[in-house]
Amino acid sequence: MSWFGNGMSRKRAGLIGCGSVGLSFLITLIALVGFLLSEESEKGGVSTLYNWVTAGSFSLNMSILVDPLSVFMLLIITGVGFVIHIYSIGYMENDPEFSRFFSYLNFFIFSMSLLVLAADFFFLIVGWAFVGLASYLLIGFWKEKTSAVLAARKAFVMNVIGDVGMVIAAFIIFDHLGTLNFLEVFAAAKSTFRPNDDTILLITMFLLVGAFAKSAQIPLHTWLADAMEGPTPVSALIHAATMVTAGVYLIARCHVLYELAPFTMYLIASVGVVTAIFAGSMAMVQYDIKRVIAYSTMSQLGFMFLAVGVGMYSIAMFHLMTHAFFKALLFLSAGSVIHGLNDEQDIRKMGGLRHSMPVTHVTFLIGSLALAGFPLTSGFFSKEAIIINSYHADMGNIIFWAIAVLGAVMTGFYIFRVYFYVFSGQPQTDVHAHESPLIMIVPLGFLAFLSLTAGFGGGMIDSFLATYFGTNMPHPDDPILETIGLSAGLIGIVGAIGFYMTGKDGLEFAKQMLAPLYDLLFNKYYIDEIYDFLIVKPTRAIGAFLEKRVEKFGVDFAVDQVGVQTREVSRLISFWQSGSVRLYAFNMIVGVVTILMFVVFL
Amino acid sequence: MGHQFVLLISATIFCVGAVGFLIRKNPLVMFMSVELMLNSVNFLLIGYSSFQNSMDGQIFALMIMTVAAAEVVVGLAIILTIFRTRHDMDVDHINTLKG
Amino acid sequence: MFEFDFFELTRATVTTVVGLTAVLASLGVILCSSPIYCALYLIGHMICLALLFLLYNAEFIAAVQIIVYAGAVMILFLFIIALLGGKKEIQEPSTERSIAIVFVATMLGELFLSATVGPTKPVEGEFDIQTVAEVGGSAKAIGLELFSRHLVSFELASALLLVATVGIICLSKFSYIPVRRRMK
């Protein structure tokens, strides 16, 4: 499609783009059905597609691994991707580079599928890098916007840091176990390593670097907020539903390795839960609607990491799925709002859209309720499961639980703050908002439906994935903690209502009271500035130094001298060719003398 | 002792011819020293043919003389062609092949 | 006391004297200032060489040397010298000459060394194919050798002479463009 460029009509580009993803979704459904119908022991299989490299005893096959986990992820990817493709036809209708967008989106779906279907670490890393590339292309889609291009670069650089970590981990794995294939690695790991062995710690830490970079946990999180410069469907697809969940997928896939390294699991849980409140606190004061949702993503990913960190893998995957639904819903609703207000993203300028955009209002409300964990929504089931298990699981403890509850409170607060700003009150802007076209409404409705109903499939998903994870995740029974967890989200919602219903005076008063804290939160804890000072400036200085000294006097000098010296030597030699017969004869005599010397003395 | 004598004389005449070739400027004299060198080789061949009691040396000397004669003829023609139009017989001045 | 062979003694003496004369004549060739004198010295040198050939049992070759070499070739030389001339050049020592002489002296020394030292020392042996002692270096001997065992080289030599002749004729037919005088 990118070949045709702008030549292709909108309809056809949209059709091809959506059609391919829809086809993938259908195939995935077929695979799912096949899974459900087959016997328990036959689940999963590796099919080798192509033998790529064979070097001695090491052979690299392009093979895909079809097992419950990958099918599960693939369902989410292709399903949500398909929905978002349809939505984008409506969202990007005014954009001149329509086909390019779809080609990039398709490329992204392809690389994400490659990532989850990979049967060994090598293709996992290939898919990982491709996904980073797709993210770069899509964030910087609007090439004219400087901020978008810079954000794309920032995202890519941080992703590359993760890539490096993954590659190092792959090297270590290969060095110790001699193979990169998932099944073989997991089988061998149990017998080769003791728990908390140094090597397994190294492996898991490096894999963790990759996961953190991709899923925007501390300390590699700064790219996610800026990634909102891309179009809204991009944010929905990549930064809510799929790419950022690749980190969680990685850890769930390698759970065998992580179970052998409890220390790393503890680290994962800690980082996850800290990120959750970190991001939640920042989301409470942002004014850009997409940024709030981005920080919300970061926070929810923290929850997911908390879940894997305490060993509750299938619950993490469950939350991943529900999060994909309601986060994509939120993003797409926000996109609908933005589209309706002609690309306005500041919530201070929005208001009273409840009446002018009714369908969007309802879907956003549903999404917010799901995110906050309102009872009976899908988010409620998954989040509440995580919160409970953060205490009751083998590796959970009360601190995790407390921080997780705090995070849930914050979640309710910030999302309803946005809701009240946008949809209630009086319109702050003169732009007359209109409801979005049907092609954007239908996906919203679909996702809303899923957000409400997917929660009841928790047990089913648990048993589906249990064949891969080995155990079932029980739901512990603890009335006190359960009640507190239940009400956490509600407390947040109430707090938001209280705050924003009191009117402007209350807000100003609160802001002045908490001014230093407010500054800290608003400026993202100054982390960007710290990074700039610590890392970017020294790197730039070193680069400049090297360029001036090493490049000019070292490399350039050497290369130039090769040419110059050749010229000089040939100039010297050309003196020999004087055209004088006698000199030539002299040369001959010299030659004869030399040869005679060899003859006589040797 | 005849061996040494032949060798000595032949080597001396050869080296004299070489020196003459390198020293002189006049192309004709240079050519004559080339003839000197050829003659020295002839002498060596003849001498050794008598020592070895074989006719091969003499035949070879005959061939050398033939070649030398042909060479003189052609060489002189060349020298004539080059130096006919100049008025100085200096070999150093024909250096258009310089560089 | 009088056991020495008179014939051999004479022979040796004559050989030595003639050889030295040849060397002196060659020195004269290279050191003379006028080219005519150099040519004359060369003729003398060739006659000495012919005498040496006679002393070493190569009569036919000696005759050929006189007739062809000293007779035809040198006359040709003299004609060309007469035609083109050449000034008298005074030989003065200069750096490049000294270097040349040094190198050639080295060559001479090496040749001497090669004659006396090590594996290059000449081996005295006998090859009895048509030995010289039997038939001498007469024309008959040469003829027998030349036209039987060395026939191919004989034919090639004649071809060479033919080519040389043709070449001369071609060369002499070139029209020449007068070169501007560079130095007078």
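Residues numbered from 1 in each chain as written. Chains lettered and ligands numbered in written order. Predicted model: local features only at pLDDT ≥ 70, side-chain atom pairs only at ≥ 80, totals over all residues. Heavy atoms only, no water.

A. Highlighting the overall build of chain C. Each helix and strand counted, chain C has seven helices and zero strands in total. Listed by position from the N terminus, the elements making up chain C come as α-α-α-α-α-α-α. Of all 184 residues assigned to chain C, the portion counted as buried reaches 33%. A separation threshold of at least 6 residues defines the contact pool for chain C, and within that pool the share at least 24 residues apart is 57%. When the accessible surface of chain C is split by element, carbon and sulfur atoms take 72% of a total near 11,500 Å². (Helix = DSSP H or I, 4+ residues; strand = E, 2+ residues; numbered from the N terminus. Buried < 20%, exposed > 50% of the residue type's maximum accessible area, 1.4 Å probe, protein only. Contact = heavy atoms within 4.5 Å. Areas by Shrake-Rupley, 256 points an atom, 1.4 Å probe, with all protein chains shown as cover.)

B. The overall build of chain B, seen in detail. Along chain B, the regular secondary structure elements total three helices and zero strands. The secondary structure elements of chain B, listed N-terminal to C-terminal, are α-α-α. Every one of the 99 residues in chain B was classed for burial, and the buried ones make up 71%. Partitioning the intrachain contacts of chain B with sequence separation of at least 6 by distance along the chain shows that 56% fall at a separation of at least 24. For chain B, the computed accessible surface area is about 3,200 Å², with 69% contributed by carbon and sulfur atoms.

C. Fine view of the UniProt feature "transmembrane region" (unreviewed entry) in chain B. Residues and elements named next belong to chain B. Mapped onto this numbering, the UniProt entry gives "transmembrane region" (unreviewed entry) at residues 6-23, 28-48 and 60-83. Between the C-alpha atoms that bound residues 6-23 the distance is 26 Å, and the span itself is 100% helix and 0% strand. Secondary structure content for residues 60-83 is 100% helix and 0% strand, while the C-alpha to C-alpha distance between its ends is 33 Å. (UniProt positions renumbered as here; feature names shortened; annotations may be inferred.)

D. Layout of the pattern of salt bridges. Residues and elements named next belong to chain A. Per the stated rule, a full pass over the model turns up three salt bridges over all chains. For the salt bridge of Glu568 with Arg571, the shortest nitrogen-to-oxygen distance reads 2.8 Å. Here Glu568 pairs with Arg571, and both are found in helix α24 (residues 527-574), just three residues apart, close to one helical turn. Its relative accessible area of 30% is what places Glu568 among the partly exposed residues. You can call Arg571 partly exposed: its relative accessible area is 45%. (Salt bridge = Lys/Arg side-chain N within 4 Å of Asp/Glu carboxyl O.)

E. Expanded view of the nonpolar core. By size, the foremost hydrophobic cluster in this structure holds 163 residues, and its most contacted members are A:Phe108, A:Phe121, A:Leu124, A:Leu207, A:Leu257 and A:Phe416. Top contributing element to this core by residue count: helix α14 (residues 313-340) of chain A, with 18 residues. Setting aside its immediate chain neighbours within four residues, A:Leu207 contacts A:Phe121, A:Gly165, A:Met166, A:Ala169, A:Leu250, A:Cys254, A:Leu257 and A:Tyr258. Listed in part, the 82 residues of the second largest apolar core include B:Ala69, B:Met89, C:Leu42 and C:Leu55. (Core = buried A, V, L, I, M, F, W, Y, C linked by side-chain atoms within 4.5 Å.)

F. Structural context of the interface of chain B and chain C. Listed per partner, the contact involves 70 residues of chain B and 86 residues of chain C. Between chain B and chain C the total buried area reaches about 6,900 Å² when both faces are included, carbon and sulfur atoms providing 77% of it. Among the residues of chain B in contact with chain C, B:Arg24, B:Met32 and B:Met55 are the three that bury the most area, contributing 10% of the side total. Counting across the interface, chain B meets chain C through one salt bridge. A salt bridge links B:Asp56 to C:Arg149; its shortest N-O distance comes to 3.1 Å. There are six residue pairs in polar contact (both at pLDDT 80 or more) connecting chain B and chain C. Mapped onto the side of chain B that touches chain C, the elements with two or more residues apiece are α1 (2-23), α2 (27-52) and α3 (56-83) of chain B. Per-element accounting of the side of chain B that touches chain C gives the leading share, 21 residues, to α3(B). For the side of chain B that touches chain C, the per-class residue count stands at 43 nonpolar, 20 polar and seven charged. (Buried area = accessible area lost by both parts, 1.4 Å probe. Polar contact = N/O pair within 3.5 Å; in protein donor to acceptor, adjacent residues only side chain to side chain. Nonpolar A, V, L, I, M, F, W, Y, C, P; charged D, E, K, R; others polar.)

G. Representation of the packing of aromatic side chains in the model. Residues and elements named next belong to chain A. Counting across every chain of the model gives twelve aromatic pairs over all chains. A ring pair is formed by Phe107 and Phe130, whose centres lie 5.6 Å apart and whose planes are at 65 degrees; its orientation type is edge-to-face. Remark: Phe130 occurs in helix α4 (residues 121-139) and Phe107 occurs in helix α3 (residues 98-117); sequence separation between them is 23 residues. Relative to Phe305, the ring of Phe212 lies with its centre 5.6 Å away and its plane at 65 degrees, an arrangement referred to as edge-to-face. Separated by 93 residues along the polypeptide, Phe212 in helix α7 (residues 198-215) and Phe305 in helix α13 (residues 289-309) bring together distant segments of the chain. (Phe/Tyr/Trp six-rings, centres within 6.5 Å; stacked < 30°, edge-to-face > 60°.)

H. Geometry of a nonpolar patch on the surface. All names here are of chain C. Taken together, Ile47, Leu51, Leu54, Ile66, Ile67 and Val68 make up a surface patch of nonpolar side chains, about 500 Å² in accessible area. Those elements giving two or more residues to the nonpolar patch turn out to be α2 (35-55) and α3 (59-84). Among the secondary structure elements, Ile47 is positioned in helix α2. (Patch = residues over 30% accessible without salt bridge, like charges linked within 9 Å, V, L, I, M, F, W, Y side chains within 5 Å.)

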